[in-house]
Amino acid sequence: GVGDIRGQRLGTAGTPLWAGAGLRMFSVGVSGLLGAITDQAGGAFLVTSATDATTLSNPLWLQRVRSTGSLAFVASGKRVSSITSNQVQVTLTSDNAGGIMLSWFDDQRGLASSLDIFAQRFPPIGDALWYPSGVPVCQARNLGMGLWIAPSGNGAVIAWSDTRNSPSPDIYAQGVDAFGRLGGGVDVEPAGPPAATALARPAPNPAPHGSTTLSYTLSSPAYVQLRVVDPSGRVVSVLEDGLRGAG
């Protein structure tokens, strides 16, 4: 459906700080709130999509609301990409400079069996900092739909599930620096080892389709034996039996 997106800022006591029944974030009817993050100044960035009357596609729109309850962009918001295409599954992060970086799946090449991955960066006030159409992060034929973006300095690392080699998705990643250049000027801090060794509960439990997943963490390398036993204590299956690294 099509409707309005409204927002309100609450004080520490829960009292509304903006007047009226909430601030209208976009002046035209939109298709729902797709994402929102802080602008690191008491306000927020919001992303939505709206159907284009000519192409019937659904491009992304961006708005920023200041802490005072005023809009930083024009009332209709800003187009995330200059291309009118279907832009879906957007993911957002701060650029560590008061702005925002976004990544999304895009069908602007019109390939029915594949969606490209694009990214864009906006400052707190002003137009897009990267290519008007967005930076093409990945154009390999792919049907994996997992997508995430994380900041790296004033650039980003973008990761996604990728089916180019197999129906069982792999995980791919690409770096974009502060200027929209791929593959350079970014870094990813490796995750430290878990704080404790632990075995998680099976999930799902009960197992509706006869299968479940067991996961565990190791705070340091250790020899692991993981077995499934029946009520009498008889070993039904050996899942792990060997030296495993921390993680």
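Owing to the predicted nature of the structure, the values given are computational and were not obtained by experimental measurement. (Residues numbered from 1 in each chain as written. Predicted model: local features only at pLDDT ≥ 70, side-chain atom pairs only at ≥ 80, totals over all residues. Heavy atoms only, no water.)

Here we take up the sheet that holds strand E11 (residues 147-152). With antiparallel pairing, 3 strands are arranged side by side in an open sheet as E11-E12-E13. If you trace the sheet from one side to the other, it starts and ends with E11 and strand E13 (170-176), each paired once. Pairs of neighbouring strands in the sheet enclose a mean axial angle of 20°, with direction left out of account. As defined by bridge partners, strand E12 (residues 155-162) adjoins E13 across 7 bridges and the pair is classed as antiparallel. Along E13, the bridge assignment pairs tryptophan 160 with tyrosine 172. (Pairing = 2+ DSSP bridges. Helix = DSSP H or I, 4+ residues; strand = E, 2+ residues; numbered from the N terminus. Axes fitted to C-alpha atoms, helices over the stretch in contact; angles between N-to-C directions.)

Once that is clear, we can look at the packing of aromatic side chains. Counted by the stated rule, this structure contains 2 aromatic pairs. Where tryptophan 104 meets phenylalanine 118, the ring centres are 6.3 Å apart and the plane angle is 20°; that geometry is what we call stacked. You can see tryptophan 104 sitting in strand E8 (residues 100-106) and its partner phenylalanine 118 sitting in strand E9 (residues 116-122), a full 14 residues away along the chain. Here tryptophan 160 and tyrosine 172 contribute two aromatic rings whose centre-to-centre distance is 6.3 Å and whose plane-to-plane angle is 20°, an arrangement assigned as stacked. Residue tryptophan 160 is located in strand E12, and its partner tyrosine 172 is located in strand E13; the two are separated by 12 residues in the primary sequence. Classification of tryptophan 160 by relative accessible area gives buried; the value is 4%. The class of tyrosine 172 is partly exposed, set by a relative accessible area of 24%. (Phe/Tyr/Trp six-rings, centres within 6.5 Å; stacked < 30°, edge-to-face > 60°. Buried < 20%, exposed > 50% of the residue type's maximum accessible area, 1.4 Å probe, protein only.)

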